[in-house]
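The residues making up each chain are set out below.
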Amino acid sequence: LDETRALYGNYSACMDLYNLPSSLMVALTASVIPAVSASITQHNEKQTARIVRSSFRVTALLAFPMGLGLWSLSGPIFRTFFYPRYDGALGGQLLSVLGIASIFVCLMLITNSILQSYGRVNVPIFTMLIGGVVKIVLNYNLTAVPSINIHGAPIGTLVCFALTAILNLIAVSRVAAFHLNYPGYFLRPLLASLAMAFSARSVYALCAHFLLSEDSGRTIMLVCVGAAIAVAVVVYAVLVLALRIVTRDDLALLPKGEKLARILHVR
């Protein structure tokens, strides 16, 4: 019983970090619903298309680096916040899967908002119900396997939200009266985020090699994680600008987006 509590304690701790990316999506989803609804009411298809496409680009801009960042530094981040209270190795493994899942949660949230703007309020409920049933089935069956155990919980979460997001994306493409080029919105942010993630992992490994030992305290680990994140932010910012991942109009969907566009010299 104590071991089971310890396993689920690790999982609960991971959930606190896993929820961060989706919580940062609230401002974007809150701005998309009224903007799309207004343009639909005005029968302004060009404006509707611009807002919907921008919302996907901004979601990718934010969700991919946050999710892949959690994946690439899952172990160090978990140990920095929760070790020695929880098992650092296990927590890192669980968080790496949940990091990928958080990307699909963000995609689900933005597609939910778009579908609601079109008045298709039942579609997100239906797709979430399908994903929820799949999650329950997977969690029940995978956690019962001794070799998988608690690892089945994040796998169920990943499959649930991946399926829900994909179904939502299909639904949005069907209700929209204009063409949606999903690879065009997602591929470049994905590549930039992967480069960022591997940069972060490499910098952490380098710092850990020279600075970390068995006797190192949390401060040294925090320095290593901080250095990895700092390099990751620079790498990602450079790639976003070099690959022209977003436009000034895209950033206008975010709070203080115009100011951010000026700082980054985004046109």
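The structure we're discussing is the one just above.
Every chain is numbered on its own, with residues counted from 1 as its sequence reads. A pLDDT threshold of at least 70 governs which residues receive local features in this predicted model, and a stricter bar of 80 or more applies before side-chain atom pairs are shown or counted, although totals over entire chains, interfaces and linings include all residues. The basis for every side-chain value is the complete set of heavy atoms in the structure, and neither hydrogens nor water enter the calculation.

Asks: Account for the environment of Val231, naming residues and giving values.
Replies: Each helix corresponds to a stretch of at least 4 residues labelled H or I by DSSP, and each strand to a stretch of at least 2 residues labelled E; elements are numbered beginning at the N terminus. Among the secondary structure elements, Val231 is positioned in helix 9 (residues 218–242). Here's how the labels work: a residue is buried when its accessible area is under 20% of the maximum for its type, exposed when over 50%, partly exposed in between, all with a 1.4 Å probe on protein chains only. With a relative accessible area of 32%, Val231 lands in the partly exposed category. Counting along the chain gives 149 residues from Val231 to Phe82, while the straight-line C-alpha distance between them is 23 Å.

Asks: How would you sum up the packing of helix 2 (residues 26–41) against helix 5 (residues 88–117)? Please name residues and give values.
Replies: Where helix 2 contacts helix 5, the axes come no closer than 8 Å and their chain directions differ by 25°. Relative to helix 5, the element helix 2 lies roughly parallel. Along this stretch, helix 2 crosses helix 5, giving a crossing that reads as right-handed. Listed contacts from helix 5 to Leu28, Thr29, Val32, Ile33, Val36, Ser37 and Ile40 of helix 2 are Leu109, Ile110, Ser113, Ile114, Gln116 and Ser117. Just so you know the grouping, Ala, Val, Leu, Ile, Met, Phe, Trp, Tyr, Cys and Pro go in nonpolar, Asp, Glu, Lys and Arg go in charged, and all remaining residues, Gly too, go in polar. Partitioned by chemical class, the residues of the contact of helix 2 with helix 5 number eight nonpolar, five polar and no charged. Axis angles are defined between N-to-C directions and span 0 to 180 degrees, where every axis is a line fitted to C-alpha atoms and, for a helix, only to the segment in contact. Every angle not falling under 35 degrees, over 145, or within 65 to 115 is termed oblique; those three ranges are roughly parallel, roughly antiparallel and roughly perpendicular. Left-handed is the label given to a crossing in which the near helix is rotated counterclockwise from the far helix by less than a right angle, and right-handed is the label when the rotation is clockwise. Should any heavy atoms of two residues lie within 4.5 Å, those residues are considered in contact.

Asks: Can you tell me about the packing of helix 1 (residues 2–23) against helix 4 (residues 74–82), naming the residues and giving the values?
Replies: Relative to each other, helix 1 and helix 4 sit at 105°, their axes nearing to 11 Å. Overall, the two elements helix 1 and helix 4 adopt an arrangement that is roughly perpendicular. Contacts from Asn10, Ala13, Cys14, Asp16 and Leu17 of helix 1 reach helix 4 at Ile77, Phe78, Phe81 and Phe82.

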